[in-house]
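Overview (structure and organization)
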Amino acid sequence: DHGMTEDGNHGGGTLDEMNAGLFAHFSPGCHAEDDEGLSLDGSELSGPDAARAFESIHQIDLVPTISFLLGLPLPFANIGGVVPDLLPTPKRIDSERISHAPELVTPHAAVALALNAAQVWNYFFTYSKTSRDLPKDRIRQLKDLLDSASLTYRDAIDSSIRLRDDTGKENNREAEYYDSTAYRQACSLFKLFLAESTGLGKTVWTQFNEVGMQLGIFIMFVAWLGGNPFWKRFVRPSTRSAVSHGSPKENTAPSKDSSPLQIFEVVATLVFMIFTCGVLTFGNSYIEHEREITLFFLSVLCLIVLRRRVYISRHQRLWAALPLAVAICARVNDVFVTGHGLDPSLRSHRAHHPAVFIPSMMALATIRLHWFAATRLKKGASLIDTVAIVCLTMCWWDKRAADHGRNGFMAARISMVAVLLGLAHSIYEILLDDSSNKVRSLSLGRLNHFELLAFRLMVFLVIVTGPSAASTAVLIAVECAALKLMSLDNTRVNSTTALVMAALWKLSIRTAFYGTSHHCSFNQLQFSAAFVATTEFQFHIAGFSLFMNTFGWEAIGSVLVLLYSRARGNADSGGRTTIWEWFVYFQATEMLSSCISVSMMRRHLMVWAIFAPRFMFAAVWTTLCLLLWIIDLLHNLIKECKSKRERIYKGTD
């Protein structure tokens, strides 16, 4: 598997760690006692390259070797070379079993190497027709080497035929006649071709553009450093004040609402987020236990915020206990709700039982009918969501039935269509309300339109995840409601700083991701999300379903953070940072740390199993944040341009 250094470490890129011994055991009969085969060592060819091709065995060389031993075809994309020493060398071959050409009986190693070389060349030739990664001059050199090996191999076969004819023993089926020198030379050429092909593949496909990586990390670091929200509170206001008034005194004073408990909250938050967004990405054991670490940090941070709120709000203990609701909902979802993305017919999870998922669906329907009932939303629109929830319940009831003919596909399709219609309706209402509203801040009606959009996205997420997601959705809805009240609370007594609120939102969203049985690994994607309404893979709807199943909680949570941050914007004006700015900065920190870690661990044993997938997930999460940030920026610019145009038209500007 791997070697290790003198102090016992492994996983790096040193020769001691990459090289290891190989021991092979053969049962009696695989090798004849008095026959050592062709004894291939590359000595038949001049130059060190041929001998070097037989000195070591790469892990990819086991693929064609095992294929030959099992009698299986070579994989199309194989670039490894068969190991001749691991192939059987029986003394006698029954020529009657080779009915097509008994006179062409040749050594097993020669046949295997010839077939292996033909397969590798076919892969390289096919790949070179669709990509320009392989240098043309190297391809021509490989072609010439393969032609030379093939010509030598044909000469060896012809020599064997002549040798057999000369002996006059054509009817002796127990004898083999071949020129071992010619075959050894052909085998050496084939092995040299395979070694050169493997070297070319490693040069083209396993090399890293270190200059480009360093340049990209430097650009990201500069952007990360310049986007620090602390600059907005201290440096940027001071600069603007110094330019306009020549004195930055009014902006350098500490905040009046600071307290020792709030300072402790900020320090604890910074420690937790530095570890979560930075240190964690550098350890494979940390990444594997990220679910437990994130939930622990969220619980501790909620208790710290709870301590301050209870201490200050002596007469409003229930209102102050909102952080406790966040911690309890996250813990209950992580411990008691299981079976996400699994078949309901298995009946091995409590959350799949009708006694659990039916009340959960009723709770979602109640939230939809009563949470948004007091708003100016059209009540007729609630019918769409009610139909989606009812059909989804029927779908899971059918999927849980013992009768496999009841697959619930029709109910799932109706539910999906209803949710998509609801999403279209929400987008229409948002655009209609946005065109008639000239104020940049979010009104109550506009906020509820966005919340309804997030709720419908959550229903779609429940559809593609399974019955367990119903209970999870209820718990996360309560969790988001508590975080909303905390985010919009601008009183001096209960107000939580934007830094701490952003950390609570980020940790809550990430625990929702891990609490639904997801992990930063490609082999743990819940592919069942693509087949909730059909047995065939429909590219667009299946791709969107799988994306929402994997990244839906991150998308919904990011939208809510942006909304509540903008709704709280008036109180955070005057040089204060917003929740959204800190939330984006935490994500940028995670992205920068992931880039640095995957660059440093590019030779690590677990780079493709742990570090690279973690980097890819962080890239998707960062892309979602950037898209929302760009949309919000464009929206504000359009509003500002319209407002300025109206002021100019009225002669007030």
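Residues numbered from 1 in each chain as written. Predicted model: local features only at pLDDT ≥ 70, side-chain atom pairs only at ≥ 80, totals over all residues. Heavy atoms only, no water.

1. Examining the packing of helix α21 (residues 539–567) against helix α22 (residues 579–600)
- In the contact formed by α21 and α22, the axes pass within 8 Å of each other and the chain directions differ by 145°. Where α21 abuts α22, its residues E554, S558, V561, L562, S565 and R566 lie against I579, W580, F583 and Q587.
- The residue inventory of the contact of α21 with α22, partitioned by class, reads 5 nonpolar, 3 polar and 2 charged. (Axes fitted to C-alpha atoms, helices over the stretch in contact; angles between N-to-C directions. Helix = DSSP H or I, 4+ residues; strand = E, 2+ residues; numbered from the N terminus. Contact = heavy atoms within 4.5 Å. Nonpolar A, V, L, I, M, F, W, Y, C, P; charged D, E, K, R; others polar.)

2. Looking at the nonpolar core
- Membership of the largest hydrophobic core comes to 92 residues, with the highest contact counts inside it found for L504 and W505.
- Broken down by element, the residue count for this core peaks at 13 residues, all from helix α18 (residues 444–465).
- Counting 31 residues, the second largest nonpolar core, distinct from the first, contains L134, A149, F190 and L192. (Core = buried A, V, L, I, M, F, W, Y, C linked by side-chain atoms within 4.5 Å. Buried < 20%, exposed > 50% of the residue type's maximum accessible area, 1.4 Å probe, protein only.)

3. Concerning helix α20 (residues 498–515)
- Across its 18 residues, α20 extends 25 Å between first and last C-alpha, which sits within 8% of the 26 Å expected from 1.5 Å per residue.
- With 18 of its 18 residues buried, α20 lies for the most part within the structure. (Expected span 1.5 Å × (residues − 1).)

4. A closer look at a nonpolar patch on the surface
- On the surface, a nonpolar cluster with roughly 540 Å² of combined accessible area is contributed by L22, I57, L62, I66, L70 and L72.
- With respect to the helices and strands, L62 occurs in helix α3 (residues 62–70).
- Judged by relative accessible area, L62 falls into the partly exposed class, the value being 31%. (Patch = residues over 30% accessible without salt bridge, like charges linked within 9 Å, V, L, I, M, F, W, Y side chains within 5 Å. Areas by Shrake-Rupley, 256 points an atom, 1.4 Å probe, with all protein chains shown as cover. Salt bridge = Lys/Arg side-chain N within 4 Å of Asp/Glu carboxyl O.)

5. As for the confidence of the model for the chain
- Of the residues in the chain, 79% have a pLDDT of 70 or more, and the chain-wide mean is 81.
- The low-confidence segment residues 239–257, where pLDDT is below 50, has 17 contacts with residues more than four positions distant or belonging to other chains. (pLDDT = per-residue confidence, 0-100.)

6. Examining the packing of aromatic side chains
- Using the criterion set out here, one finds 29 aromatic pairs in the structure.
- For the ring pair F275 and Y286, a centre distance of 5.2 Å and an interplane angle of 65° mean the geometry is edge-to-face. Of the two residues, F275 sits in helix α10 (residues 260–277) while Y286 sits in helix α11 (residues 284–288), which places them 11 residues apart along the sequence.
- Judged by its relative accessible area of 21%, F275 falls in the partly exposed class.
- Under the relative-accessibility criterion, Y286 is labelled partly exposed at 35%.
- The ring of W621 has R510 lying over it, and the distance from NZ or CZ to the ring centre is 3.7 Å. (Phe/Tyr/Trp six-rings, centres within 6.5 Å; stacked < 30°, edge-to-face > 60°. Lys NZ or Arg CZ within 6 Å of the ring centre and 35° of its normal.)

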